[in-house]
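Geometric and topological summary
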Amino acid sequence: MAPLITIVSSLPQSFTSTDTMGLLANDCTGDNIPFVYGSGRLENLFYIAAVNPNHVFNATGVTGKPNVDWCESHEVETIHTNVVDTLILADVCCEKGFILITYAIGCIFEYDYIHTLGSGVAFKEEDTPNFIGSFCSKTKVMVYI
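Residues numbered from 1 in each chain as written. Predicted model: local features only at pLDDT ≥ 70, side-chain atom pairs only at ≥ 80, totals over all residues. Heavy atoms only, no water.

All right, on to the overall build of the chain then. Along its length, the chain carries four helices and four strands. Of all 145 residues assigned to the chain, the portion counted as buried reaches 32%. Contacts in the chain between residues at least 24 apart in sequence constitute 67% of all its contacts with a sequence separation of at least 6. When the accessible surface of the chain is split by element, carbon and sulfur atoms take 59% of a total near 8,800 Å². (Helix = DSSP H or I, 4+ residues; strand = E, 2+ residues; numbered from the N terminus. Buried < 20%, exposed > 50% of the residue type's maximum accessible area, 1.4 Å probe, protein only. Contact = heavy atoms within 4.5 Å. Areas by Shrake-Rupley, 256 points an atom, 1.4 Å probe, with all protein chains shown as cover.)

Our next topic: the nonpolar core. Leu45, Tyr47, Ile48, Val56, Leu89, Val92, Cys93 and Phe98 form the largest nonpolar core, which has eight residues in total. Among the elements of the structure, helix H2 (46–51) and helix H3 (75–96) are those that each provide at least two residues to this core. Among the elements that make up this core, the one with the highest residue count is H3 (three residues). (Core = buried A, V, L, I, M, F, W, Y, C linked by side-chain atoms within 4.5 Å.)

Between the first and last C-alpha of H3 there are 30 Å, a value that for 22 residues agrees with the 32 Å anticipated at 1.5 Å per step. Along its length, H3 shows its largest kink, about 30°, at Thr81. Thr78, Thr81, Asn82, Val83, Asp85, Thr86, Leu89, Val92 and Cys93 are the residues of H3 that are buried. Of the residues one or two after H3, Gly97 is the one with positive phi, at around 80°. (Expected span 1.5 Å × (residues − 1). Bend = angle between axes of the 7 residues up to and from the residue.)

Attention shifts here to a nonpolar patch on the surface. On the surface, Tyr113, Ile114 and Val121 cluster together into a nonpolar patch covering about 360 Å² of accessible area. Within the secondary structure layout, Val121 lies in the loop between strand S4 (99–102) and helix H4 (135–144). (Patch = residues over 30% accessible without salt bridge, like charges linked within 9 Å, V, L, I, M, F, W, Y side chains within 5 Å. Salt bridge = Lys/Arg side-chain N within 4 Å of Asp/Glu carboxyl O.)

Right, let's talk about the confidence of the model for the chain for a bit. Put simply, the chain has an average pLDDT of 77, and 73% of its residues get 70 or more. The secondary structure element of the chain with the lowest average pLDDT is strand S1 (residues 5–8), at 66, and the one with the highest is H3, at 88. (pLDDT = per-residue confidence, 0-100.)

Below, the discussion takes up the environment of Thr102. Its place among the elements puts Thr102 in strand S4. Classification of Thr102 by relative accessible area gives partly exposed; the value is 26%. Within the structure, the side chain of Thr102 is placed 3.3 Å from the side chain of Asn58, a separation counted as a polar contact. (Polar contact = N/O pair within 3.5 Å; in protein donor to acceptor, adjacent residues only side chain to side chain.)

Right, let's talk about helix H1 (residues 20–30) for a bit. Restricting attention to buried positions, one finds in H1 the residues Met21, Gly22, Leu24, Ala25 and Cys28. Here the buried residues of H1 occupy an arc of 160° about the axis, which is enough to place them on one side. Phi turns positive one or two residues past the end of H1, at Asn32, with a value near 55°. (Arc of directions from axis to C-beta.)

This brings us to unusual backbone geometry. Phi at Asn32 takes a positive value of approximately 55°, unusual for a residue other than glycine. The topology assignment puts Asn32 in the loop between H1 and strand S2 (35–37). You can call Asn32 exposed: its relative accessible area is 69%. For Asn52, which is not glycine, the phi dihedral falls at a positive 60°. You can see Asn52 is positioned in the loop between H2 and strand S3 (55–58). The class of Asn52 is partly exposed, set by a relative accessible area of 44%.

Okay, structure coming up:
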């Protein structure tokens, strides 16, 4: 029986039991839903067609190391993964009739005079978002429009 779900990420081996894709894998295991992790980079999607899943869960994306500010000075790499590869995956899924579900980051806060880099002062859920734009978030918008 073909797996019902393929879980795709930029680094499939990096899932943990507490991140979104790791939690999905745990749920699938607990409910006896067959799944496989993607086995390659998005620019080589032949493996997804070979697996022939019903659903593809996409967790790819560049958010930057050490932080999202990396994307500001690495626009080509950010566009390649966040836009081009994601759209290629969408095209493959559409052609094959796979249901694609994409999980994406969203930046809603940026450092300010209270929350300075390295200060240890964190934003809280009830804080008003103060984000006015980043290249990384713009690439996410490019995909979803």
